[in-house]
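Residue-level structure breakdown
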Amino acid sequence: VKLVKSEVQATPHWSTSLIVGDARWELFVAPSAGGLISHYRAWLLSILIVLLFAAVLAYMWASLRHALRLEAANRKVLQLAQTDTLTTLANRRAFMKRLKLAFSTSQRNAQPFAVLYLDV
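Before going into details, it helps to say that this report is about the structure given with it. Just so it is clear, the structure is predicted and the values come from calculations on it, not from any experiment.

Taken as a whole and judged by the stated rule, the model has one salt bridge. Residue Glu71 is joined to Arg75 by a salt bridge in which the shortest nitrogen-to-oxygen separation is 3.1 Å. Highlighted residues: Glu71 and Arg75, both in helix H2 (residues 40-82), separated by four residues, approximately one helical turn. On the accessibility criterion, Arg75 (52% relative accessible area) is exposed.

This is the structure:
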């Protein structure tokens, strides 16, 4: 839309002069006549970006919750695999593993240790 200088000066505007090389330009900036409603494409794009950002945040939140639940379940499975359900003490497999570790540590450091084993 080509406007005449007198039409632009009659409305609220901002103007300045630009010098580019040997050319001198006058820049006039004025609001459009349609207002905010005339920029429906920009509004649609802005809403789409906000919705996309919200969807990404919701996905990240759900993924984090799922990962935390899996981590808690893995800790529970590990605890159940290493303890006796009746006494909550280390089961035979965990005891033997810890005993082998103690033997190998004592052989390297020459630190003596003792084991009191009662089989009920």
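Let us look at the packing of aromatic side chains. Using the criterion set out here, one finds one aromatic pair in the structure. For the ring pair Phe103 and Phe113, a centre distance of 5.1 Å and an interplane angle of 65 degrees mean the geometry is edge-to-face. Here Phe103, found in helix H3 (residues 92-109), pairs with Phe113, found in the segment after H3; they are 10 residues apart in sequence, far enough to count as distant. Phe103 gets classed as partly exposed once you look at its relative accessible area, which sits at 43%. Phe113 sits in the partly exposed class, given a relative accessible area of 36%.

Quick reminder: α-helices carry 3.6 residues per turn. Residues three or four places apart thus point the same way. Compared with an ideal rise of 1.5 Å per residue, which puts 18 residues at 26 Å, H3 spans 25 Å between its outermost C-alpha atoms and is within 8% of the ideal. Of the residues making up H3, those classed as buried are Ala94, Leu99 and Ser106. Viewed end-on, H3 has its buried residues packed into an arc of 135 degrees, placing them on one side of the element. Facing away from the buried side of H3, by more than 90 degrees, are the exposed residues Arg93, Lys97, Lys100, Leu101, Gln107 and Arg108.

Conventions used here
- Residues numbered from 1 in each chain as written.
- Predicted model: local features only at pLDDT ≥ 70, side-chain atom pairs only at ≥ 80, totals over all residues.
- Heavy atoms only, no water.
- Salt bridge = Lys/Arg side-chain N within 4 Å of Asp/Glu carboxyl O.
- Helix = DSSP H or I, 4+ residues; strand = E, 2+ residues; numbered from the N terminus.
- Buried < 20%, exposed > 50% of the residue type's maximum accessible area, 1.4 Å probe, protein only.
- Phe/Tyr/Trp six-rings, centres within 6.5 Å; stacked < 30°, edge-to-face > 60°.
- Expected span 1.5 Å × (residues − 1).
- Arc of directions from axis to C-beta.

Remember, this is a structural readout, not a statement about activity or role.
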